[in-house]
Amino acid sequence: MIGSFARRATVTAAAVAALTAAGLPGDTTPVGLGDRLYPELGNPGYDVHDYDISFTYRGNDRPLDAVTRVDALATDTLNRFHLDFRGDVRSVEVNGRRAAFRTWREELVVTPAVPVPRGDRLRVTVVHTSDPAAKGDTGWIRTKDGLAMANQAAAAHTVFPCNDHPSDKARFAFHVTAPNDLTVVANGLPETAVRKGPVTTWNYRTVHVMATELAQVSVGRSTVLRRTGPGGLPLRDVVGTADPDRAKLEKRLEMTAGQIAWMEQQVGPFPLETYGILSADTVTGFELETQTLSLFERRVLLSREADAAPVMVHELAHQWFGDSVSPATWSDLWLNEGHATWYQWRYAAEHYRELTLEQLAKAAYGADARLRRDGGPAAAPKPPGSDGKLGIFRGNVYFGGALVLYALRQEMGADAFQRLERAWVARHRDGVASTRDFIALASAVAGRDLGGFLHAWLYGPTTPPMPGHPDWKRSVPAKPVHGHAHRREAGKVA
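In what follows, the accompanying structure is described. (Residues numbered from 1 in each chain as written. Predicted model: local features only at pLDDT ≥ 70, side-chain atom pairs only at ≥ 80, totals over all residues. Heavy atoms only, no water.)

1. A closer look at the sheet that holds strand 6 (residues 100-104)
- Strands sit in the order 3-7-6 across an open sheet of three strands; the sheet is antiparallel. Single-partner strands in this sheet number two, and they are strand 3 (81-84) and strand 6. Put simply, the sheet's adjacent strands are angled 25° from each other on average, direction ignored.
- One ladder, built from five bridges, connects strand 6 with strand 7 (residues 107-111); its direction is antiparallel. Bridge pairing links Phe-101 to Val-110 in strand 7. (Pairing = 2+ DSSP bridges. Helix = DSSP H or I, 4+ residues; strand = E, 2+ residues; numbered from the N terminus. Axes fitted to C-alpha atoms, helices over the stretch in contact; angles between N-to-C directions.)

2. Describing the side chain of Asp-35
- By secondary structure assignment, the location of Asp-35 is in the loop between helix 1 (13-21) and strand 1 (46-56).
- For the buried Asp-35, no salt bridge is present, and the opposite-charge side chain at shortest range is Arg-36, 6.6 Å distant.
- Polar side-chain contacts of Asp-35 include one of 3.1 Å to the backbone nitrogen of Trp-330. (Buried < 20%, exposed > 50% of the residue type's maximum accessible area, 1.4 Å probe, protein only. Lys, Arg positive; Asp, Glu negative; His and termini not counted. Salt bridge = Lys/Arg side-chain N within 4 Å of Asp/Glu carboxyl O. Polar contact = N/O pair within 3.5 Å; in protein donor to acceptor, adjacent residues only side chain to side chain.)

3. Some words on helix 3 (residues 256-267)
- Taking 1.5 Å per residue, twelve residues should reach 16 Å; helix 3 reaches 16 Å between its end C-alpha atoms and fits that length.
- Burial in helix 3 covers these residues: Thr-256, Ala-257, Gln-259, Ile-260, Trp-262, Met-263, Gln-266 and Val-267.
- Among the residues trailing helix 3, Gly-268 stands out with phi positive, at a value near 110°. (Expected span 1.5 Å × (residues − 1).)

4. Examining the nonpolar core
- Residues Trp-334 and Leu-408 are the most contacted members of the largest nonpolar core, which totals 84 residues.
- Here the element with the most residues in this core is helix 8 (residues 395-412); it accounts for eleven residues.
- When residues no more than four places from it in sequence are discounted, the contact partners of Leu-408 are Gly-413, Phe-417, Leu-420, Phe-438, Ala-442, Leu-450, Phe-453 and Leu-454.
- The next biggest cluster of nonpolar side chains, apart from the first, holds 59 residues, and it includes Val-48, Val-124, Ala-150 and Val-238. (Core = buried A, V, L, I, M, F, W, Y, C linked by side-chain atoms within 4.5 Å. Contact = heavy atoms within 4.5 Å.)

5. A few points about the pairing of strand 3
- Burial of the side chains of strand 3 extends over both faces: Phe-81 and Leu-83 are buried on one face and His-82 and Asp-84 on the other.
- As paired elements, strand 3 and strand 7 share four bridges and run antiparallel to each other. Within strand 7, the residue paired with Asp-84 across the bridge is Glu-107.

6. A look at the side chain of Asp-323
- In this structure, Asp-323 sits in the loop between helix 5 (305-317) and strand 20 (325-327).
- The buried charged residue Asp-323 lacks any salt bridge partner; its closest oppositely charged side chain belongs to Lys-169, at an N-O distance of 7.8 Å.
- Not counting chain neighbours up to four residues away, the residues in contact with Asp-323 comprise Lys-169, Leu-214, Leu-272, Glu-289, Thr-290, Gln-291 and His-318.

7. Digging into unusual backbone geometry
- In this structure, the amide linkage connecting Gln-152 to the following residue, Ala-153, adopts the cis form with an omega of 0°.
- When you line up the elements, Ala-153 lands in the loop between strand 10 (146-149) and strand 11 (171-179).
- A positive phi angle, close to 50°, is found at Asn-95, a residue other than glycine.
- Considering the arrangement of structural elements, one finds Asn-95 in the loop between strand 4 (89-94) and strand 5 (97-98).
- In this model, Asp-430 sits at a positive phi of 65°, which is unusual for a non-glycine residue.
- As for its placement among the helices and strands, Asp-430 is situated in the loop between helix 9 (414-427) and strand 21 (431-433).
- Asp-430 sits in the buried class, given a relative accessible area of 18%.

8. Points about the sheet that holds strand 8 (residues 121-130)
- Strand order in the open sheet formed by eight strands is 5-4-8-2-1-11-14-13, with mixed pairing between adjacent strands. Only two strands of the sheet have a single neighbouring strand rather than two, namely strand 5 and strand 13 (189-196).
- As defined by bridge partners, strand 11 adjoins strand 14 (residues 199-205) across seven bridges and the pair is classed as antiparallel. Looking across to strand 14, one finds that His-175 is bridged to Asn-203.

9. Some remarks on the packing of helix 5 against helix 6 (residues 334-351)
- The interhelical angle for the contact between helix 5 and helix 6, taken along N-to-C directions, is 145°, at an axis separation of 8 Å. Between helix 5 and helix 6 lies a crossing of right-handed hand. Of the residues in helix 6, those touching helix 5 at Ala-309, Pro-310, Val-313, His-314 and Ala-317 are Glu-337, Ala-340, Thr-341, Tyr-343, Gln-344, Tyr-347 and Ala-348.
- Each residue belonging to the contact of helix 5 with helix 6 can be placed in one class, and the counts come to eight nonpolar, three polar and one charged. (Left-handed = near helix turned anticlockwise from the far one by under 90°. Nonpolar A, V, L, I, M, F, W, Y, C, P; charged D, E, K, R; others polar.)

10. With respect to the packing of aromatic side chains
- A complete count under the given rule lists 21 aromatic pairs for this structure.
- Ring pairing ties together the aromatic residues Trp-342, Tyr-365, Tyr-406, Phe-417, Trp-457 and Trp-472, which thus form one cluster. (Phe/Tyr/Trp six-rings, centres within 6.5 Å; stacked < 30°, edge-to-face > 60°.)

Here it is as structure tokens:
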């Protein structure tokens, strides 16, 4: 479903009051969707179908000239509307006519020359800059030879104007102009690369819809490695052309085809048009499942195989859980991270056998009291604090989420659990889904109401008893257990 608003968070009266109090009196246009964790992000009144984004790159310390075109459907009559954006705007057009605009906090407030009636097409063109050296959290990551993107959870709007909430998915096209000695790679499939004098314009387009937080554009002195995966799936990885460890990187990346085959055995066919890994020569402290092209620190890829490979599976699993099936709200993040951690555990246990699946789950069970205390239950995470855009990515959604899945498999049986997983990704492919949807589907597959069981695990203040393991103790270990994860906070517990 393109840009479905069916499960969007409700807009809060407080958000409307905030806009009026901020110096735009009389404007009743709500700010944000009222998401519990990021209340001012996302915008009501329209449903985005397509983004068409052009960047001109002149160096990773200079603003990019940019044009973002948004093609949407007006779901309300729009006398005024907002796009999430933090940056410099030069002009705005709505349906081919110049529009008045102003910036406020992290919003681009647009007043079209003529109101857009409900049900009509909304075409917005914004000429702007995109600054990788801007202060504060930004979706751009500067590498030694260029740029990459890391927009999760709430930074896409620092790169381009958008409806920055995962519930409004859209197709994307990217047109990136860069000097001829650089290579550009983006989400989706390549279309053309047009050379004109000293620069080349690279064009990419997604086949499937995508959340804004999953956008990826890489610019650098890179080589694209191409191979074929299961069922003829085109695979492409991006590595530094002159990387001294390129041979080792290539050998590690050759594992992807087998990992996709393993994941397909668990949950069904790969849901997107292509896949690959972007090796970035930088230190971020995280790896990221940007759709069809996961972002990795090269140092992680070059680490010991038993450490690197499960993390590769974590980001790969996200292509089903989080990318193809996106969270309806940010409180549903455990559906992304819990599932990715679950398949990371499974892969590590089956292929490297340093710890069994039961040992990994037992370690997480022992830490769950602390994870709930520090971050909240898996499906009711605490809001982000001073830790910025990664503030909701705590151990409770990773290991607490995976622990919920282990408990559910113990309760409903391995065969029924696998049917649930396959049904989940098939039913919600290219869409958004909520924790409520997951509970309903689990109950349907099990043939009995699992609402009470899952509610205790997902929302309860204390850790429930583990089915099949009455001897497991709900205590906090003296020190973190070593494990694989793709974010700083998640790396503290197995």
